[in-house]
Amino acid sequence: MSWLLESPLFFLVLTLVAYQVGRAVHARTGGHAVAQPVLVAVVLVGATLLILDVDVADYLDGTELLSFWLGPATVALAVPLYRQASRLRSLVIPLLVAVPLGAVVSVGSAVLLARVLGGDELLERTLAPKAATTPVSIALSETNGGLPELTAALTIVAGILGAVAGPAVLTLLRIRARTARGIALGSVSHGIGTSRALAEDRTEGAFSGLAMGLTALATSLVLPLVLALLL
Amino acid sequence: MIAGLTWLLGCQLVGEVVVRATGAPVPGPVVGMVLLFAVLLVRRPVDDAGVLRTSDALLRHLQLLFVPAGAGVVGYLSLIRDDALPITVALVGSWVLGLAVVGWTVTLLSRTPAGRERR
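About the thresholds
Residues numbered from 1 in each chain as written. Chains lettered and ligands numbered in written order. Predicted model: local features only at pLDDT ≥ 70, side-chain atom pairs only at ≥ 80, totals over all residues. Heavy atoms only, no water. Helix = DSSP H or I, 4+ residues; strand = E, 2+ residues; numbered from the N terminus. Rg over C-alpha atoms; globule rule 2.2 N^0.38 Å. Buried < 20%, exposed > 50% of the residue type's maximum accessible area, 1.4 Å probe, protein only. Contact = heavy atoms within 4.5 Å. Areas by Shrake-Rupley, 256 points an atom, 1.4 Å probe, with all protein chains shown as cover. Lys, Arg positive; Asp, Glu negative; His and termini not counted. Charge placed at Lys NZ, Arg CZ, Asp CG, Glu CD. Buried area = accessible area lost by both parts, 1.4 Å probe. Salt bridge = Lys/Arg side-chain N within 4 Å of Asp/Glu carboxyl O. Phe/Tyr/Trp six-rings, centres within 6.5 Å; stacked < 30°, edge-to-face > 60°.

**Here's the deal with the overall build of chain A**
- From N to C terminus, chain A includes 13 helices and zero strands.
- Reading the helices (α) and strands (β) of chain A from amino to carboxyl end gives α-α-α-α-α-α-α-α-α-α-α-α-α.
- Taking 17 Å as the expected radius of gyration for a compact globule of 231 residues, we find that chain A reaches 18 Å, a close match to that expectation.
- Out of the 231 residues in chain A, the part that is buried amounts to 57%.
- Long-range pairs, those at least 24 residues apart, make up 65% of the contacts in chain A with a sequence separation of at least 6.
- Accessible area of chain A: about 9,300 Å², with a carbon and sulfur share of 67%.
- Averaging the positions of the 14 positive and the 14 negative side-chain charges in chain A gives two centres separated by 22 Å.

Written out as structure tokens, the structure is:
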């Protein structure tokens with residue numbers, strides 16, 4: 001049986017089944033926010049890996065076939081944006097101000113909050129890039145003295161937080177315009193937040209995807225400066 | 001479908017090449033997204049064009065593509081547990097602050113009043 005636990009086929013089927021269960025739970029609960037298919041699937045797959053004592057690296061290798069499509073899917077975010085192109089012009093200035101400001105706040109507040117609660121400098125550097133999409137947050141953690149693998153995990157958690165709680169918190173904050181909601185969600189929860197935004201509303205999804213891309217760029221530029229200031 | 005995939009993968013490929021050639025601090029797929037956006041603006045494809053349908057199909061299951069990375073977090077549970085308090089508070093706190101600052105800034109600076117866009 002041990003061949004099974006090293007087989008891409010097993011890992012792919014496990015992931016697909018878990019995702020289908022997630023979709024079913026989402027539908028059954030009438031689209032409850034916590035029942036995000038990605039969260040349900042992650043919990044199911046994670047628990048299975050722990051129970052079967054599977055090496056996570058084997059699982060990640062085995063599901064490469066699936067993860068590969070994140071690249072083309074990111075490119076595909078141009079399509080919802082294209083459908084909203086007429087709204088883009090009036091949002092250029094707000095985007096150029098809000099996204100870099102958001103990047104400074106994300107990085108700075110993560111560092112300061114970790115410090116106040118007794119985190120060491122390594123943890124501060126590891127947490128700092130977590131709002132940027134995973135390939136960028138990993139690279140930034142590497143070049144700025146964090147733990148890249150832990151940064152990747154925390155980035156995913158920040159994304160899932162956005163998929164689960166993003167729309168509710170935005171409503172609490174009285175942010176109602178679809179464009180503002182999408183831009184905010186993409187700025188703090190990258191692609192995973194965008195997946196929720198797309199499910200909420202076309203405009204929200206389009207601008208979330210755009211904000212994700214701009215945040216990747218802004219975080220890369222401001223992170224070294226903010227770290228130099230605070231550390 | 002195949003024409004659509006060719007556009008998506010082609011744009012990503014060009015994006016990756018550009019990023020590596022220039023050392024730009026963004027992921028290749030993000031450059032690919034900007035490139036495809038420009039292509040769409042120029043070519044103005046019809047509603048049922050392959051690239052639009054393929055993109056919609058891929059984005060409909062965007063969450064599936066994050067499941068492997070998400071499940072990979074179990075490999076770091078012990079590291080997270082060691083610093084659970086600072087990690088949780090810093091992560092959630094800075095997430096809320098970022099969300100609020102970006103959302104409020106866009107709302108303030110948008111020329112169209114928030115009420116008009118609500119649907």
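Back to the write-up after that little detour.
**Describing the interface of chain B and chain A**
- Facing the 73 residues of chain B at the interface are 98 residues of chain A.
- Of the roughly 7,400 Å² buried at the junction of chain B and chain A (both faces included), carbon and sulfur atoms supply 81%.
- Taken together, the connections running from chain B to chain A amount to one salt bridge.
- Asp 56 of chain B is the partner of Arg 83 of chain A in a salt bridge, and the nearest nitrogen-oxygen pair spans 2.9 Å.

**With respect to the side chain of Thr 15 of chain A**
- Here Thr 15 of chain A lies in helix H1 (residues 8-28).
- Of the residues examined, Thr 15 of chain A reaches a relative accessible area of 0% and is grouped as buried.

**Considerations on the packing of aromatic side chains**
Residue and element names in this part refer to chain A.
- Under the criterion given, the structure shown has three aromatic pairs over all chains.
- Note on Phe 11 and Tyr 59: the rings are 5.5 Å apart at their centroids and 85 degrees apart in plane angle, and the pair reads as edge-to-face. With Phe 11 in helix H1 and Tyr 59 in helix H3 (residues 56-62), the pair connects residues that are 48 residues apart, well separated along the chain. With respect to class, Phe 11 is no different from Tyr 59; both count as buried.
- Look at Phe 68 and Trp 69: their rings are 5.4 Å apart centre to centre, the planes differ by 90 degrees, and that puts the pair in the edge-to-face class.
- Classification of Phe 68 by relative accessible area gives partly exposed; the value is 45%.
- Put simply, the rings of Phe 10, Phe 11 and Tyr 59 touch in pairs and so form one group of aromatic residues.

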